[in-house]
Amino acid sequence: PRPPACPPSPTTTLSPSSGSLAGKHRSRPPPEGEREGRRSEAVALLKEAPECDPSRMVATGGTASNLPRVVSPTRPPLVLSRHALLRAANLLDQAPAAELQPRYLLRPGRVQAMRGGVEVLLLLLDWAGLDRLHVSLEGLRQGMIMAYLALGEDWNRDQPAPTVTKPEAAGL
């Protein structure tokens with residue numbers, strides 16, 4: 001049987017970050033087997049994940065917002081498929097970070113973080129049983145500020161889903 005949809009709200013935040021893996025994987029392209037090692041390390045980051053069946057994944061942060069430029073510098077996609085993530089991983093592993101940073105207009109240190117971040121995102125897709133993720137160019141800080149402005153001091157408490165009272169408000 002499939003797990004239930006992710007309670008208690010329509011969103012669940014997980015804490016894995018590319019930065020947690022970046023320090024172990026330097027500026028050089030990884031040697032044979034290192035990518036698999038990064039993926040194994042990323043598995044431990046999911047121990048707090050809820051038992052649920054997510055229907056959509058939204059990724060935010062530096063890796064998520066920069067990966068679309070690696071996948072397609074001229075037309076960065078805001079939805080990344082598993083195939084696009086694997087392609088990005090291969091592109092990021094082709095050369096030393098110092099060569100890739102100007103090619104993809106990345107700041108120093110970002111390539112190393114993205115090498116680990118791709119593994120985290122692939123792992124999250126596997127965990128969720130999804131084949132793609134949506135990229136949010138907005139950060140967590142902005143989301144917290146928007147929630148505070150909308151809800152005041154209760155911004156970080158679970159809120160009931162909004163009730164639609166007018167059909168036109170629901171887009172009907």
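Please refer to the structure higher up on the page.
Residues numbered from 1 in each chain as written. Predicted model: local features only at pLDDT ≥ 70, side-chain atom pairs only at ≥ 80, totals over all residues. Heavy atoms only, no water.

S.K.: Explain the packing of helix 3 (residues 62–71) against helix 6 (residues 110–128) to me, using residue names and the numbers behind them.
M.R.: At a closest axis distance of 9 Å, the pairing of helix 3 and helix 6 adopts a crossing angle of 95 degrees. The pairing of helix 3 with helix 6 is recorded here as roughly perpendicular in orientation. Across the interface between the two elements, G62, T63, N66, L67 and V70 of helix 3 pack against R110, A113, M114, G117, V118 and L121 of helix 6. For the contact of helix 3 with helix 6, the residue count by class is six nonpolar, four polar and one charged. (Axes fitted to C-alpha atoms, helices over the stretch in contact; angles between N-to-C directions. Helix = DSSP H or I, 4+ residues; strand = E, 2+ residues; numbered from the N terminus. Parallel < 35°, antiparallel > 145°, perpendicular 65-115°, else oblique. Contact = heavy atoms within 4.5 Å. Nonpolar A, V, L, I, M, F, W, Y, C, P; charged D, E, K, R; others polar.)

S.K.: Any chance you could break down helix 4 (residues 82–92) for me, citing the residues and the numbers?
M.R.: For helix 4, the set of buried residues is A84, L85, A88, A89, L91 and L92. Seen end-on, helix 4 carries its buried residues on one side only, within an arc spanning 165 degrees. (Buried < 20%, exposed > 50% of the residue type's maximum accessible area, 1.4 Å probe, protein only. Arc of directions from axis to C-beta.)

S.K.: Could you give me a rundown of unusual backbone geometry, with the residues and numbers involved?
M.R.: A positive phi is found at L105, a non-glycine position, where the angle reads about 55 degrees. Considering the arrangement of structural elements, one finds L105 in the loop between helix 5 (97–103) and helix 6. Among the residues examined, L105 registers a relative accessible area of 65% and is labelled exposed.

S.K.: How would you explain the sheet that holds strand 3 (residues 132–135) if you had to name every residue and give the values?
M.R.: Taken together, three strands build an open sheet; the order of strands is 1-3-2 and the sheet is mixed. Both outer strands of the open sheet, strand 1 (58–59) and strand 2 (79–81), are each paired with one neighbouring strand and no more. Taken together, the two bridges between strand 1 and strand 3 define a ladder with parallel strand orientation. Within the sheet, the bridge partner assigned to V58 lies in strand 3 and is H134. Against the sheet, helix 4 touches strand 2 and strand 3, its axis set at about 80 degrees to strand 2. (Pairing = 2+ DSSP bridges.)

S.K.: Which residues make up a nonpolar patch on the surface, and what values do they have?
M.R.: Together, I145, Y148 and L149 line one region of the surface with nonpolar side chains, adding up to about 340 Å² of accessible area. With respect to the secondary-structure elements, Y148 resides in helix 7 (residues 140–151). (Patch = residues over 30% accessible without salt bridge, like charges linked within 9 Å, V, L, I, M, F, W, Y side chains within 5 Å. Areas by Shrake-Rupley, 256 points an atom, 1.4 Å probe, with all protein chains shown as cover. Salt bridge = Lys/Arg side-chain N within 4 Å of Asp/Glu carboxyl O.)

Everything listed here is a matter of coordinates, which is why it stays silent on function.
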